[in-house]
Amino acid sequence: MAVSVIFTIIYLALLGLCLFIGWKRHWVRSALSFVTAALSFAGAYFLTRQFVSLRGEAVSNVLKEELLELMNLRNEFTVRETAMLNVSAFIVDIILGMVMFWILFLLLWLAANIIKRVLVKLITKKKYSELAPFKDIRPLGAAIKLASFLLVSMVFIYPLGAVSDILCSAADNCGRRLPASVITNPISRIYGGIGRGLFDSLTETGLDGDFKNSEEIERGAEIVISLRDFSDGGDEEGEAIERICGSFRSSYLLTDFTSELVANAANSWKNGASYMYNTVDIPKGRNGELVNGVLTVLSEWRRENLLNDIDTALNTYDLLKSQGVTKIDDGKVLLKALEREEFTESLFLELSQNGDFIELIPKVMRFGIGSAMDAMKLDYDDEYTVEFDAKALDKNDWKKEARAFSTLLRRMNMIKELTDGHIDLDDFDIEELMEDFDELKDSRLLSNILVNGLIQVVINAPQLAQKIPGL
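Anyway, here's the lowdown on the structure attached to this text. Per chain, residue numbering runs from 1 following the sequence as it is written. Local features in this predicted model are restricted to residues whose pLDDT is 70 or higher, and side-chain atom pairs enter the listing and the counts only when it is 80 or higher, whereas totals over whole chains, interfaces and linings include all residues. Side-chain numbers here rest on the full set of heavy atoms in the structure, without hydrogens or water.

What follows concerns the overall build of the protein chain. Only DSSP runs of H or I covering at least 4 residues are called helices, and only runs of E covering at least 2 are called strands; the numbering of each starts at the N terminus. When helices and strands are tallied, the protein chain shows 19 helices and zero strands. In this scheme, a residue with accessible area under 20% of its type's maximum is buried, one over 50% is exposed, and one in between is partly exposed, where area comes from a 1.4 Å probe on protein chains only. A burial count over the protein chain gives 46% of its 471 residues as buried. Any two residues having at least one pair of non-hydrogen atoms within 4.5 Å are treated as being in contact. Considering only contacts within the protein chain whose residues lie at least 6 apart along the sequence, 78% involve residues at least 24 apart. Method for areas: the Shrake-Rupley scheme with a 1.4 Å probe, in which residue coverage is limited to the protein chains shown. For the protein chain, the exposed area adds up to about 24600 Å²; of that, 60% sits on carbon and sulfur atoms.

Okay, here's the thing in C-alpha cells:
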C-alpha cells in the first residue's frame, strides 16, 4: 500500500511539473518536444521489433542451460527438455523487448533533441530557448505538454500497466479481488489496456503457435489463483478445477512446459533422483508399488496427456483428500477408505473415464487385497492376482466392481478383527459372509481374484485357525 501511495505522489508531481512547464513555455517549443518524443517512440518501437525478431537462438540456449542448472531441472533421468527451450526463448524475448525499447528510446530521444536544437539554430539563427515564432497560447502549450508526458510515461510505465491489466483480469476471471497495491493503483489501471497491447507487440516471440505473451501470463495467473482456492478446500462446486483445466487448454506454452516438468519430476523421483532440489521417499511394500504406478503414468505425460488428464488428476486428489489421504505413505488410510463403497465407486468411475489413469485401477485393487492379506499376517503371492483389461468395462460395470471390491475388503477386515479377538466368534455371521462371497463370484474382475484369494486362505488355513479365539 505504501509503495502505491509513493508511486501516486511521484506520478502526480511529475504530471504537475510538466503542466507547469507547458504553461510557461511557448507552445511551439512544446509542439517540437512532442514531435521529438513521438519520433523517438516510433523509431525505438521499430528497431526493438527488428532486434527481438532477429535474436539468436544462442541466447535462448544459454538461458535454458542456466535455468536447468539453477533450478536443478536436469539429471540422468530427465525425459526431455524441448519445452524448457521454448520457455527460455519466451523469457528472452520479453526481457529483450522491454530493455531494448527503453534503451533505444533514450538514445533516440537524446539524439533527436540534439538534432532539434541544431536545426532550429541553422534555420532561425536563434537559440532553441528563444524560439517564439507565433503568438503564445498557454492552454495549447499545456495540452501539448500533457500529450508529451503521456507518451513518454507510457514508454516506462507500460510494463506496469500490462501487469496490472493481466493480473486484474485473471483475478476477475477467478472471482477474486486483488489487495490494494501498485498493481491495482488507478494510475496503473489507466495504463493497462494500451500498455498490454504495447507489451505484446514489443515482446512478440518467434515461437511457433498463435498466442500472445500477456495471455500466457494471464492463464498462468489464473492457474495459480485457482490452485490456491483448490488447495484451501474452497472448491466444493468444482469451479477451481474447471478454471484450471480451461486455462491449460487455452494456453500454448504452459501445457507443454507443465507436462514436461511433471514427466521429468516423476521419472526422477521414481528412480530416487532429486528434481528441483526435492526428492520423494517412496514407501516400501504395496504402498510404494502403487506410488510407483502413479509416477509411471505421470512420467509419460506430454501436452496431450496433460490436457486429457489434469481434471482427472485434480478430481482424484480431491477425492483422496476428502478421505484424509494427503501423503504418499498414507497406505493404511487409503485401505480403510477403499472399504467405503461410495468412495471406491467415485474413485473407479473417475479413473476409468481416463485413458491413462484407468490402468491404475488394477494396481489399486492389487494394493487393497494385498494390503488386507498383509494385515491378516497371511502369506500372499501377487502372481495369483493377475491384471486385467480395465478398458473393457463400462460405467455400470465399474459401479458393480467397486461395490464388490469394497465388500471384499470389508469382509477381509472382519476376518482380521475376528483373528485379532476384536469380534467374538459367536457374533460372527458366517452365513452373511458366505452370501457376500457368493455375490462376488459374479464380478468380472474379482471372480479370478476371489478364487486365488481363497486358494491363499486354504493354504494359510492352519495359520489362520490358530489365530481365532475359541477354536
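Continuing now.
One non-glycine residue, Met276, lies in positive phi territory at about 50 degrees. You can see Met276 is positioned in the loop between helix H10 (253-270) and helix H11 (285-299). A positive phi angle, near 65 degrees, is found at Tyr277, a position not held by glycine. Mapped onto the elements of the fold, Tyr277 is located in the loop between H10 and H11. Using a relative accessible area of 54% as the deciding quantity, one classes Tyr277 as exposed.

Should a side-chain nitrogen of Lys or Arg be within 4 Å of a carboxyl oxygen of Asp or Glu, the pair is scored as a salt bridge. In this structure the tally under the stated criterion is 13 salt bridges. Between Arg410 and Glu341 there is a salt bridge, with the nearest N and O atoms lying 3.2 Å from each other. Of the two residues, Arg410 is situated in helix H16 (residues 395-419) and Glu341 in helix H14 (residues 341-352); the sequence distance between them amounts to 69 residues. Exposure remark for Arg410: the relative accessible area of 33% places this residue in the partly exposed category.

Turning our attention to the nonpolar core. Here, nonpolar core means buried Ala, Val, Leu, Ile, Met, Phe, Trp, Tyr and Cys residues that are tied together by side-chain atoms lying within 4.5 Å of each other. By size, the foremost hydrophobic cluster in this structure holds 50 residues, and its most contacted members are Leu338, Phe348 and Trp398. When residues in this core are grouped by element, the largest group, eight residues, is from helix H15 (residues 360-375). Discounting chain neighbours no more than four positions away, the residues touching Leu338 are Phe343, Thr344, Leu347, Val364, Phe367, Gly368, Phe405, Ser406 and Leu409.

Another aspect to go through is the layout of surface pockets. The calculated volume of the second largest pocket comes to roughly 480 Å³. Residues are called lining when one of their atoms sits within 4 Å of a cavity or pocket point, these points coming from a 1 Å grid over the protein atoms alone, where a cavity is a set in which a 1.4 Å probe fits but cannot get out and a pocket is an open set with protein on both sides within 12 Å along at least five of seven lines. As for the second largest pocket, its lining consists of 23 residues, of which Cys18, Trp109, Ser148, Phe149 and Val152 are closest to the centre. Contributions of two or more residues to the lining of the second largest pocket are made by helix H1 (2-24), helix H2 (27-53), helix H4 (82-124) and helix H5 (138-173). Charged means Asp, Glu, Lys or Arg here, nonpolar means Ala, Val, Leu, Ile, Met, Phe, Trp, Tyr, Cys or Pro, and polar covers whatever is left, Gly included. Looking at the lining of the second largest pocket, its residues break down into 14 nonpolar, four polar and five charged. Grid points are joined across faces, edges and corners, and a volume is the space filled by probe spheres set on the points.

Moving on, we get to a nonpolar patch on the surface. Residues form patches when they are more than 30% accessible in relative terms and have no salt bridge. Like charges link within 9 Å. Nonpolar side chains (Val, Leu, Ile, Met, Phe, Trp, Tyr) link within 5 Å. On the surface, a cluster of nonpolar side chains totalling about 710 Å² of accessible area is made up of Leu110, Ile114, Ile115, Val118, Leu119, Leu122 and Ile123. Along the chain, the position of Leu122 falls in helix H4. With relative accessibility at 55%, the residue Leu122 sits in the exposed group.

What a helix is expected to span follows from its residue count: subtract one and scale by 1.5 Å. Here helix H12 (residues 303-322) is 20 residues long and its end C-alpha atoms lie 28 Å apart, about the 28 Å a rise of 1.5 Å per residue gives. Two axes enter the definition of the bend at a residue: one is fitted to the seven residues ending there, the other to the seven starting there, and the bend is the angle between them. Of all the bends in H12, the greatest measures close to 50 degrees and is centred on Asp309. Close packing links the buried residues of H12 with helix H8 (213-231), helix H9 (239-250), H10 and H14. Positive phi appears at Gly324, one or two residues downstream of H12, with a value of about 85 degrees.

Turning next to the packing of aromatic side chains. Any Phe, Tyr or Trp ring, taking Trp's six-membered ring, that has another such ring centre within 6.5 Å forms a pair; planes under 30 degrees apart are called stacked, those over 60 apart edge-to-face, and the others tilted. Applying the stated criterion to the full structure yields 11 aromatic pairs. Where Phe7 meets Tyr11, the ring centres are 6.4 Å apart and the plane angle is 35 degrees; that geometry is what we call tilted. Placement of the pair is Phe7 and Tyr11 together in helix H1, with a separation of four residues, close to one helical turn. Both rings, one in Phe105 and one in Trp109, keep their centres 5.4 Å apart while their planes meet at 35 degrees; by these two values the pair is tilted. Of this pair, Phe105 and Trp109 both sit in helix H4, four residues apart, which is roughly one turn of the helix.

Scanning all chains against the criterion turns up one cavity of 30 Å³ or more. There is about 50 Å³ of room inside the largest cavity. Residue contributions to the lining of the largest cavity peak at four residues, all from H10. Residues of the lining of the largest cavity, tallied by class, amount to six nonpolar, one polar and three charged.

To obtain each axis, a line is fitted to C-alpha atoms, and for helices this fit is confined to the stretch in contact; angles are then taken between N-to-C directions over 0 to 180 degrees. For the pair H2 and H5, interaxial distance at closest approach is 8 Å and the crossing angle is 20 degrees. In this view, H2 runs roughly parallel relative to H5, as classed from their interaxial angle. Between H2 and H5 the crossing geometry is left-handed. Counted together, Trp27, Ser30, Ala31, Ser33, Phe34, Ala37, Ala38 and Phe41 of H2 and Leu140, Gly141, Ile144, Lys145, Ala147, Ser148, Leu151, Val152 and Val155 of H5 form the full contact between these two elements. Considered class by class, the residues forming the contact of H2 with H5 number 12 nonpolar, four polar and one charged. Working definition: roughly parallel below 35 degrees, roughly antiparallel above 145 degrees, roughly perpendicular at 65 to 115 degrees, and oblique for all remaining angles. Each crossing gets its handedness from the near helix: less than a right angle anticlockwise from the far helix is left-handed, clockwise is right-handed.

These figures come from the coordinates and say nothing about function on their own.
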